[in-house]
Amino acid sequence: MSLLGGIRPPIAALSALLLALAALTAFQLGHVGRQTVPPAVLTSQQYFAEDGAIALRASLDESITDIGRTASLFSSGEPVSPDSVLDKLGSVYQKWRGTAVIEIKSGRLEAQRGENLPLTALDLTALDGESGLAPRMVRLENGETRLLTLALLSWPDRPQQLLVASSSLKVPGISLGRSRAIAVLDSSGQVLGSDGVGGSGQEKKQLAKFAKTVAQKAARHPLQAKEPGSGGFAGVSGSLLGDSRDGRRSVAGYAKLTGSQPGVGTDATALGLTVVSFVGVAEERSAAVDSFFWIAASAALLVLGALAVALLVTTVQRPLLRLFLESRRIGRGDLNRPVTVPKYGEAARIGAALDRLRRQLLGEPGAETEVPRGGRRARIGTRALLGVCGILLLVWSAPLLLTLNRAGASVAVPKTIVDDQRERTDTVADRVRRALNEGHADLTSVASVISDRTTPAELTKLLERTRNQHGRYESLYVLKADGTVLARAGGKPHHPAGKGPSKQPVTLVDSGNRPVITEYAETPGLAGAAVVGELGIDFLNALLKRPGLGEVRVVDAKHRVIGGNNGYLAFEPLSDAKLDALVSSANEKSGTDEKSSADEKSGANEQSGANEQSGADEKADKGPRAKSALLRDGAVSVAAAAPMTGGGAAQPLDWTVVTWQPAKGLEIPAYTAQNRTVLAGLLGLTGAVACLGWIHIVVVRPLRDLARRAEALADGDRRTVVYPTHHDEVGAVTRSLEVIRLRLLEQRKRDAAGTGTGRTPGRATPAGRN
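It should be emphasised that the depicted structure is a prediction, and the values quoted were computed from it without experimental measurement.

K.L.:
Would you mind going over helix α6 (residues 291–332) in detail, with residue names and values included?
P.N.:
Relative to the 62 Å expected for 42 residues at 1.5 Å per residue, α6 spans 59 Å between its end C-alpha atoms, a close match to the ideal helical length. Taken as a whole, α6 carries its principal kink of about 35° at Val313. Of the residues trailing α6, Gly333 is marked for its positive phi of about 100°.

Rendered as structure tokens:
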């Protein structure tokens, strides 16, 4: 017998699968909602910290690049005084806490702006080393930490000078809400800067505990810290559970600064900084589905599975094994006892054919022409029996797959998830605004060194260098007041021909249904002219790609889509009226003392409890602000809208970032229970199809073919060879039929020759002899 063939292995496999699934259903799948903090909340904090790490890394790299490029621009022109350098730097960029110019040879402080810098921490004799101009962190006397960024100012026949700028190590542009705190740690876990940490000793103590744990986890290799194929953030990140107090638990997320591409470092990532954010969430231990459901489902599976297996054993396995024994007996020549004919299916047909063949071997008259008995065996086949078993198992699987444990439209989404959607959307909006403002500041810096004596060749070289340093521009050019392009780097300009520079610092151009963001910076040294930079829409879309936010769109004042993190139609309205209403609510100019009602404006149902909030604070501030809402229309979605507030060149655009994601994709108890219910049903259905299909292929189909051959042999077909296909029970019966066919042929030859062997014609050979 084959180890994998026959009737026993698939029935045994089905029994084992059903037992394993019953145990899995009772003891593993039912553990839903027992955590005090849903996994979705932990994941959201991880995403929040990753947003902070990306913002800090981009800000530091931008500052380092700006200092170096500004020094390079000044060095390429006519010599200017240190005070002029710092004044121009301060008028273009307002990001540094202090700036200074030092003469390197003498160490004399030439000029200074802002806070006093710890210049004694600088070794001016080591600036020509491999990392002499690398950014460095220094600690002030008051305990605060500053990042010093260095660049050289060099002119012929003048002493070389060092341009120094200091900045605080705080995460820029992160919306914290009311109760969140965020901090920047060094590689040893020391807090370098923080925001939102209250004066209570409890919060500082919790931050110290998180910092100690994060320092250990951040030291791991990114490939070891991430699950295979997780993608997303390229560096080390994760989440932590903190202390519990008064029914609230601190939950933290951490992320180490990393480059935009895996394995590609930057000046900022070389500092070894890690961002950690934490917030207190309400603990709630409530199982989404009563454990009795899973125990009852497991018991039902055991009952239905036992019925299915018993049906297979009694109606398929036992009759087939009995046929195997009977066929061997007939093949050996033991013809005295009638064949025990099974009651159902093909086994009954084969049993009846065997009995006819037994009587033919005995020489009974009419045995070959006898009409086979029909009855029950003709009405119920083995395939029908398999179908009954499949229906029994489907009775258990189908409700789990289709109806039971469905979350519905009234599912409770944790308030922290809704708040995080709002704050992260506000962070993305600020990130877009800062990127546009930085781009305009870069153009202003370039424009400040252009004069009427600058040749077109020098302008082109300057524009090419700027475009290479900043990959955001598709085209850079200098535009005169009459619309003439003096110099250009990059693609063809989209500015209308013959028109002078726009008075607006940032505009949006529709270039064949492809938005083009155009920035203008007036050149003081060239009257009426401006440096123009065109930003590709891909640059804007790249800023919107963050996991855990779902669909992200940037819309203009008319609520037309400008950019998105995936497929969209430019300048088309939002696809959902509720989202459109949420954007309008976020841009309202007046506020009230009550919580905003974006759910009502967007058609969503209000839910009692603390899991829905559409404002940034309990008391709404006047003016546009980020809002979030739960949209309930058949399916539940978490949505948020954040206008681009905060000033700068991008403020007149009046853009809004809107995000939404289906709640069913969140790992909260209700949806986890639904997914696990579907998983249990799918496993049951898959196991049933696999095992019953196995039986149909290796047993039922060969058995049907064997029944046809056995009946043909009983009806007088002696010429067709009966050969086995598999070495199993059906194959053994087939081999016995071939033995019987050969004995019948031998008997026919003896009868035709009219010769005998001393026995009565038609008598069978005694049992045990061939």
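K.L.:
Go over the nonpolar core with me, naming the residues and quoting the values.
P.N.:
Among the nonpolar cores identified, the biggest contains 57 residues, and Leu14, Leu312, Ile350, Trp396, Ile695, Leu737 and Ile740 are the most heavily contacted of them. Of all the elements in the fold, those that place two or more residues in this core are α1 (8–27), α6, α7 (345–361), α9 (382–402), α15 (669–714) and α16 (729–753). Ranked by residue count, the leading element in this core is α6, at 15 residues. Discounting residues that sit within four places of it in the chain, Leu312 has contacts with Ile11, Leu14, Gln317, Leu386, Cys389, Leu692 and Ile695.

K.L.:
So what's going on with a nonpolar patch on the surface? Residues and values would help.
P.N.:
On the surface, a nonpolar cluster with roughly 210 Å² of combined accessible area is contributed by Leu24, Leu679 and Leu683. With respect to the helices and strands, the residue Leu679 is situated in helix α15.

K.L.:
Now, about the packing of aromatic side chains: what can you tell me, with residues and values included?
P.N.:
Summed over the entire model, instances satisfying the criterion amount to 2 aromatic pairs. Ring centres of Phe210 and Phe278 lie 5.7 Å apart, and the angle between their planes is 50°; on these two criteria the pair is classed as tilted. Here Phe210, found in helix α4 (residues 201–218), pairs with Phe278, found in strand β10 (residues 274–282); they are 68 residues apart in sequence, far enough to count as distant. For the pair Phe210 and Phe278, one class covers both residues: buried.

K.L.:
Now, about the side chain of Glu729: what can you tell me, with residues and values included?
P.N.:
Locating Glu729 in the fold gives a position in helix α16. Of the polar contacts made by the side chain of Glu729, one reaches the backbone nitrogen of Ile7; its length is 3.3 Å.

K.L.:
Describe the pairing of strand β16 (residues 551–555), naming the residues involved and giving the relevant values.
P.N.:
Of all 5 residues in β16, 4 are buried, a share of seventy percent or more. In the sheet, β16 pairs with strand β20 (residues 656–662) via 5 bridges, with the strands oriented antiparallel. By the bridge assignment for β20, Val555 is matched with Thr656. Relative to strand β17 (residues 561–564), β16 runs antiparallel, the two sharing 3 bridges. Within β17, the position partnered with Val554 by the bridge is Gly563. Where β16 folds back onto β17 in an antiparallel hairpin, the turn is made up of 5 residues, including His559, whose phi is positive at roughly 65°.

K.L.:
Tell me about the packing of α1 against α6, residues and numbers included.
P.N.:
Where α1 meets α6, the closest approach of the two axes is 9 Å, and the angle between their N-to-C directions is 175°. Comparing the axis directions of α1 and α6 gives the class roughly antiparallel. Between α1 and α6, the contacting residues are Arg8, Ile11, Leu14, Ser15, Leu18, Leu19, Leu21, Ala22, Ala23, Thr25 and Ala26 on the first element and Trp294, Ala297, Ser298, Leu301, Leu302, Gly305, Val309, Leu312, Val313, Gln317 and Leu321 on the second. Partitioning the contact of α1 with α6 into residue classes produces 16 nonpolar, 5 polar and 1 charged.

K.L.:
How would you explain the sheet that holds β17 if you had to name every residue and give the values?
P.N.:
Pairing is antiparallel in the open sheet, where 5 strands are placed in the order β17-β16-β20-β19-β18. Among the strands making up the open sheet, the edge pair consists of β17 and β18 (627–633). With strand direction ignored, the average angle separating the axes of adjacent strands in the sheet is 25°.

K.L.:
Summarise the confidence of the model for the protein chain; cite the residues concerned and give the values.
P.N.:
Averaged over every residue, the pLDDT of the protein chain is 82; the share at 70 or more is 88%. Taken as a whole, residues 591–620 scores under 50 in pLDDT and shows 74 contacts with residues more than four places along the chain or in a different chain. Here residues 756–770 is modelled with pLDDT under 50, and outside its nearest four sequence neighbours on either side it reaches 20 contacts, counting other chains as well.

K.L.:
Pulling in residues and values, what's your account of the pattern of salt bridges?
P.N.:
In this structure the tally under the stated criterion is 38 salt bridges. Between Arg704 and Glu346 there is a salt bridge, with its nearest N and O atoms 3.1 Å apart. Of this pair, Arg704 sits in helix α15 while Glu346 is found in helix α7, placing the two residues 358 residues apart along the sequence. Taking relative accessible area as the criterion, Arg704 reaches 34% and is therefore assigned partly exposed. Owing to a relative accessible area of 3%, Glu346 belongs among the buried residues under this scheme. A salt bridge links Asp419 to Arg422, with the nearest nitrogen and oxygen atoms 3.3 Å apart. Taken as a pair, Asp419 and Arg422 lie in helix α10 (residues 415–448) at a separation of 3 residues, close to a single helical turn. We classify Asp419 as buried; its relative accessible area is 13%.

K.L.:
Can you tell me about the packing of α6 against α16, naming the residues and giving the values?
P.N.:
As a packed pair, α6 and α16 sit with axes 9 Å apart at the nearest point and diverge in direction by 25°. Looking at the two axes, α6 sits roughly parallel to α16. Judged by the sense of rotation from one axis to the other, the crossing of α6 with α16 is left-handed. For the pair formed by α6 and α16, the contact residues are Leu320, Leu321, Leu323, Phe324, Ser327, Arg328, Ile330 and Gly331 on the first element and Glu729, Val730, Ala732, Val733, Ser736, Val739, Ile740 and Arg743 on the second. Of the residues in the contact of α6 with α16, the class split is 10 nonpolar, 3 polar and 3 charged.

Cut-offs used in this document
Residues numbered from 1 in each chain as written. Predicted model: local features only at pLDDT ≥ 70, side-chain atom pairs only at ≥ 80, totals over all residues. Heavy atoms only, no water. Helix = DSSP H or I, 4+ residues; strand = E, 2+ residues; numbered from the N terminus. Expected span 1.5 Å × (residues − 1). Bend = angle between axes of the 7 residues up to and from the residue. Core = buried A, V, L, I, M, F, W, Y, C linked by side-chain atoms within 4.5 Å. Buried < 20%, exposed > 50% of the residue type's maximum accessible area, 1.4 Å probe, protein only. Contact = heavy atoms within 4.5 Å. Patch = residues over 30% accessible without salt bridge, like charges linked within 9 Å, V, L, I, M, F, W, Y side chains within 5 Å. Areas by Shrake-Rupley, 256 points an atom, 1.4 Å probe, with all protein chains shown as cover. Salt bridge = Lys/Arg side-chain N within 4 Å of Asp/Glu carboxyl O. Phe/Tyr/Trp six-rings, centres within 6.5 Å; stacked < 30°, edge-to-face > 60°. Polar contact = N/O pair within 3.5 Å; in protein donor to acceptor, adjacent residues only side chain to side chain. Pairing = 2+ DSSP bridges. Axes fitted to C-alpha atoms, helices over the stretch in contact; angles between N-to-C directions. Parallel < 35°, antiparallel > 145°, perpendicular 65-115°, else oblique. Nonpolar A, V, L, I, M, F, W, Y, C, P; charged D, E, K, R; others polar. pLDDT = per-residue confidence, 0-100. Left-handed = near helix turned anticlockwise from the far one by under 90°.

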